[in-house]
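Structural overview
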Amino acid sequence: MSSLALYRRYRPESFAEVIGQEHVTDPLQQALRNNRVNHAYLFSGPRGCGKTTSARILARCLNCEQGPTPTPCGECQSCRDLARNGPGSIDVIEIDAASHGGVDDARDLREKAFFGPASSRYKIYIIDEAHMVTSAGFNALLKVVEEPPEHLKFIFATTEPEKVIGTIRSRTHHYPFRLVPPGTLREYLGEVCGRENSHVEDGVLPLVVRAGAGSVRDSMSVMDQLLAGAGDDGVTYAMATSLLGYTDLSLLDSVVDAFAAGDGAAAFEVVDRVIEGGNDPRRFVADLLERLRDLVILAAVPDAAEKGLIDAPADVVERMQAQASVFGAAELSRAADLVNQGLTEMRGATSPRLQVELICARVLLPAAFDDERSLQTRLDRLERGASFAAAGAGPAMGYVPGPQAHAPVAVVPPGDGVAAARAAVRGDAPEAVPPAAPAQPAQPAQYAAPAAPVAPAPAAPAPEPTPEAPAGGQRPGAWPAAAAPESGRRPGGWPTASAPGMAPAPVTPAAPAPAPAAPAPAPGAPQPSPGMTQGAAQVRNMWPDILEAVKNRRRFTWILLSQNAQVTGFDGATLQIGFLNAGARDNFASSGSEDVLKQALAEQFNMQWKIEAIVDPSGGAGQPPQTGGGRPSAPPAPQRPAAPAPQQYESRPAPAQHQQPGAAPAAASAPQPQAAPESPRPVAPEDDTPEADDPDLVDSALSGHDLIVRELGATVVEEFTNE
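Residues numbered from 1 in each chain as written. Predicted model: local features only at pLDDT ≥ 70, side-chain atom pairs only at ≥ 80, totals over all residues. Heavy atoms only, no water.

**Quick notes on the overall build of the chain**
Condition: By the criteria applied, helices consist of DSSP H or I runs no shorter than four residues and strands consist of E runs no shorter than two, each listed in order from the N terminus. Relative accessibility decides the category of a residue: with a 1.4 Å probe and only protein chains considered, values under 20% of the type maximum give buried, values over 50% give exposed, and everything between is partly exposed. Computed with a 1.4 Å probe, the accessible areas rest on the Shrake-Rupley method; for each residue, only the protein chains presented here act as cover.
Secondary structure summary: the chain contains 25 helices and 8 strands in total. Counting the 723 residues in the chain, one finds 42% classified as buried. Working note: accessible area of the chain is about 36,700 Å², and carbon and sulfur atoms make up 52% of it.

Okay, structure coming up:
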């Protein structure tokens, strides 16, 4: 095989072979047919788009024995001399103005130009890089260019026509060349690879076209480099991305999916993979911007691939269509603007990794900005969550920053601030309850045999029925888009996974009965075996600590389990978890959350359990409530834990146990003796002050005014005092 460069082996020899420059070649061919050829031409345009090649073809057409003609014969002496691998013609002189642009060179050219051609029809000067000619040189050429002899033709080629002095430019026919369209260039490269008998994977040619940036010569050079290093299997996609320095598509898919899900951990993990893999951070950001541009186009024009607006293989276009469908228009536009701004700021940055991570953080935090685009992004996520809930498509995932829960707290029993704050932000503000007995020092508790229940406090009057929520699932005066199952997630919190289309009926608390009976399971709910049911009571006591361990590993799994799942059975080896709908269960299985739960059980509790995920539409009816997720159904009844026996698993101190009215006790197989109620004991001031490392200590229970100022950026215009 010839060692000649690929762009030289396939240099066009006629105007018909020039690609992407029909706006230049067609008028030139028509001028040759009409025999209206000018004495001077100016070819301008980007590098590698065919200026010098077209100048040689024009000289060949003019000096052909059958010419002037738009189609050289290729057989005469002049055509053979000016062919692709010909020796050249003495009557066609090419001058590089970069090294011969002075006034002395211009004078020498002027003296020789008046001599007639040796064997051809015209004496043609091709002056390449004409913008490098000095002003004195142009002035020396001015007279001969203005009134040349009949046998003399000039062709100037330049990338900067504005640097050619006006007196020269006005005496020429100016033809501006353009960059070759990607589709045309890709087809041409495919033909060249076919002639070279080289196999090239589908995703390689778009990379080559992108590297060439519309220049035929640059693209041919890149293709030549890839073909030179190809193995027996041809040019592979992995080889092309590695050699050209482009970001692998899997990394782009991962970071875009992380943006869609609001998964900050996944986004920063991709950044770490980019840096540790030795990739150029700036190239990664540029490729990400290119991907976001494609997603914006696909969101606006679903058939953009068929219309040629996107240059990518079919499988990549299919993946991008799926990604574009989970974004809102404002979300995509804002993300592209932030990435573009970050790419500009990366010029000269001393810490590229920090810049990339800041870009990801800005995209993931729309609530951190108060501009209109960020507000529209948050609305897009809320609307997407509501549409997913209405369609039953599974949990809506979107990242809205903010504390775990922030809402004004009503009367909160001691030690139960977290649950009450979360209940308030969801729209279920607990009613006032009498003060509970002071918490005693936590004693070891046996999960297999819970402590004997304490006698209930004197029965309080039955509370008023909860007024029915207005249309849209929001009570008057509540936080907008509270985290009801219809809304998909609560504002200011991490993405939640709720039961699409299912709203729990309002629970009306009733007076506690002396012998409560377990309610019948909801229709359609799976019926676990008696052994599984008895074992479930043991695991439910551990469930808050299990959720806490999962939360420290992966917040998405914690959200999914705390909002959508409950323990339905346990037989000693298999833990059965019921989800509110099939979408939540499938999301749990497909997102790797099952492995996260297993790892948390193994490392934190030394338990090797199998996980069985089922669909339980009952929503945990008739089962004890679960802390760490879900809303309390009724005001908690104050209880004092009795002194339990030693146990194998030790949990966090729980000063109060909550139980739904009418629900069966956790694992009470026989009635236990009841203790007489005791009067509340005084609490020492040092015991009433929370410690700095208290896991239940939260500072997010803000007042309504502080909450609105923090989350919505509101400003108090006028304040009225109610007397």
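**Considerations on the environment of C79**
Worth spelling out the cut-off: The contact rule is simple, with two residues in contact once any of their heavy atoms fall within 4.5 Å.
Inspection of the secondary structure puts C79 in helix α4 (residues 77-81). Here C79 falls in the buried class, since its relative accessible area comes to 0%. Spatially, the C-alpha atoms of C79 and N63 are 7.7 Å apart, while their sequence positions differ by 16 residues. When residues no more than four places from it in sequence are discounted, the contact partners of C79 are R60, C64, P72, C73 and G74.

**Details of a negative patch on the surface**
This is how the line gets drawn: Exposure above 30% relative accessible area and the absence of a salt bridge qualify a residue for a patch, where like charges join within 9 Å and nonpolar side chains (Val, Leu, Ile, Met, Phe, Trp, Tyr) within 5 Å. Counted as salt bridges are all cases of a side-chain nitrogen of Lys or Arg within 4 Å of a carboxyl oxygen of Asp or Glu. The charged-residue count follows a simple rule in which Lys and Arg add positive charge and Asp and Glu add negative charge, with His and chain termini not counted at all. All charge positions are set by atom: Lys at NZ, Arg at CZ, Asp at CG, Glu at CD.
Taken together, the side chains of E201, D202, D232, D233, D315 and E318 present a region of like negative charge at the surface. With respect to the helices and strands, the residue D233 is situated in the loop between α10 (216-228) and α11 (237-244).

**Describing the packing of aromatic side chains**
Definition in use: A pair of Phe, Tyr and Trp rings is counted when the ring centres sit within 6.5 Å of each other, with Trp represented by its six-membered ring. The angle between the planes then sorts it: under 30 degrees is stacked, over 60 is edge-to-face, the rest tilted.
For the structure shown, the criterion picks out 8 aromatic pairs. Both rings, one in Y41 and one in Y175, keep their centres 6.0 Å apart while their planes meet at 35°; by these two values the pair is tilted. Of the two residues, Y41 sits in strand β1 (residues 40-44) while Y175 sits in strand β5 (residues 173-176), which places them 134 residues apart along the sequence. Comparing Y41 with Y175 shows no difference in burial state: the two are buried. Each ring, one from F154 and one from F156, has its centre 6.1 Å from the other, and the planes form 10°; the classification is stacked.

**Points about the sheet that holds strand β2 (residues 92-96)**
Quick reminder of the rule: The pairing criterion for strands is at least two bridges between them, as found by DSSP. Angles here are taken between N-to-C directions and fall from 0 to 180 degrees, while the axes themselves are lines fitted to C-alpha atoms, restricted in helices to the stretch in contact.
The parallel open sheet is built from 5 strands, whose spatial order is β2-β3-β4-β1-β5. Of all the strands in the sheet, the pair left with one neighbour each is β2 and β5. Taking the axes of each pair of neighbouring strands and ignoring which way they run, one obtains an average angle of 15° across the sheet. Against the sheet, helix α2 (residues 22-34) touches β1 and β5, its axis set at about 145° to β5. Against the sheet, helix α6 (residues 135-146) makes contact with β1, β3 (123-128) and β4 (152-158), and its axis sits at roughly 140° relative to β4, the strand it touches most.

**Some points on the side chain of N63**
Selection rule: Polar contact criterion, stated in full: a pair of N or O atoms within 3.5 Å, where within protein one must be able to donate a hydrogen and the other to accept it, and residues adjacent in sequence count only if both atoms are side-chain atoms.
With respect to the element layout, N63 can be found in helix α3 (residues 51-63). For N63, a relative accessible area of 4% translates into the label buried. A polar contact of 3.5 Å, which involves the side chain of N63, links it to the backbone nitrogen of R121. Apart from residues no more than four positions distant in its own chain, N63 is found in contact with S78, V92, S120, R121, Y122 and I124.

**Some words on the nonpolar core**
To keep it simple, the criterion reads: Only buried residues count toward a nonpolar core, which is a set of Ala, Val, Leu, Ile, Met, Phe, Trp, Tyr and Cys residues joined through side-chain atoms within 4.5 Å.
One finds M223, L226 and F259 to be the most contacted residues of the largest nonpolar core, which totals 65 residues. Among the elements that line this core, the one with the most residues is helix α12 (residues 249-261), at 8 residues. Ignoring anything within four residues of it in the chain, the contact list for L226 reads V204, V208, V235, M239, A240 and L243. Within the second largest apolar cluster, 29 residues are counted, among which are V550, I559, L575 and F605.

**Observations concerning α12**
Inclusion rule: The length a helix should cover is 1.5 Å for every residue beyond the first.
The terminal C-alpha atoms of α12, which comprises 13 residues, lie 18 Å apart, in line with the 18 Å expected from a rise of 1.5 Å per residue. Burial analysis of α12 places 10 of its 13 residues in the buried class, the great majority of the element. Those residues of α12 that sit buried are L249, L251, L252, D253, V255, V256, A258, F259, A260 and A261. G262 lies just past α12 and shows a positive phi near 65°.

**A look at the environment of C76**
Mapped onto the elements, C76 comes out in the loop between α3 and α4. The class of C76 is buried, set by a relative accessible area of 5%. Placed 11 residues apart in sequence, C76 and E65 show a C-alpha to C-alpha distance of 6.4 Å. Ignoring any residue separated from it by four or fewer positions in sequence, one finds C76 in contact with C64 and E65.

**Thoughts on the pattern of salt bridges**
Oppositely charged side chains can pair when the atoms bearing their charge come close. Under the definition given, this model contains 21 salt bridges. Of the charged contacts in the structure, one is a salt bridge between E196 and R9, with a shortest N-O distance of 3.3 Å. Of this pair, E196 sits in the loop between α8 (182-195) and α9 (204-212) while R9 sits in helix α1 (residues 6-9); the two residues are 187 residues apart in sequence, bridging distant segments of the chain. Across the pair R362 and E345 runs a salt bridge whose closest N-O atoms are separated by 3.5 Å. Taken together, the positions of R362 in helix α17 (residues 352-364) and E345 in helix α16 (residues 329-345) put the pair 17 residues apart, joining distant regions of the chain. The exposure class assigned to R362 is partly exposed, which follows from its relative accessible area of 24%. By relative accessible area, which is 35% here, E345 ends up partly exposed. Among the charged side chains, a network of salt bridges with common partners joins D253, R291 and R319.

**Describing the sheet that holds strand β7 (residues 574-579)**
Taken in spatial order, the 3 strands of this open sheet run β6-β7-β8, and their pairing is mixed. Strand pairing shows two members of the sheet lacking a second neighbour, β6 (565-570) and β8 (610-615), which therefore form its edges. The sheet shows a mean angle of 30° between the axes of neighbouring strands, direction not considered. As paired elements, β7 and β8 share 6 bridges and run parallel to each other. Looking across to β8, one finds that G578 is bridged to I614. The strands that helix α22 (residues 582-590) touches are β7 and β8; relative to β8, the one it contacts most, it runs at about 155°.

**A look at the packing of α12 against helix α14 (residues 281-300)**
Stated formally: For any helix crossing, the convention is left-handed if the near helix is rotated counterclockwise from the far helix by under a right angle, and right-handed if that rotation is clockwise. Residues are sorted three ways: Asp, Glu, Lys and Arg are charged, Ala, Val, Leu, Ile, Met, Phe, Trp, Tyr, Cys and Pro are nonpolar, and all the rest, Gly among them, are polar.
Contact geometry of α12 with α14 gives a least axis separation of 10 Å together with a crossing angle of 65°. Our pair here, α12 against α14, has a crossing hand that is right-handed. Counting all contacts with α12, which are made through L249, L252, D253, V255, V256 and F259, the residues of α14 involved are F284, D287, L288, R291 and L295. Class assignment for the residues of the contact of α12 with α14 results in 8 nonpolar, no polar and 3 charged.

**A look at α3**
Its 13 residues give α3 an end-to-end C-alpha distance of 19 Å, which sits within 8% of 18 Å, the value for a rise of 1.5 Å per residue. Counting buried residues along α3, 12 of its 13 residues qualify, which places the element largely inside the surrounding structure. Listed as buried for α3 are K51, T52, T53, S54, A55, I57, L58, A59, R60, C61, L62 and N63. Of the surrounding elements, those touching the buried residues of α3 are α2, β1, α4, β2, β3 and β4.

**Some points on unusual backbone geometry**
A negative phi angle is the norm for most residues apart from glycine, just as the trans form is the norm for most peptide bonds. Backbone geometry places N35, a non-glycine residue, at a positive phi of 60°. Turning to its location among the elements, N35 is positioned in the loop between α2 and β1. Even without being glycine, A213 reaches a positive phi, approximately 55°. Assignment of secondary structure puts A213 in the loop between α9 and α10.

Functional significance is not addressed by these values, which are geometric in nature.
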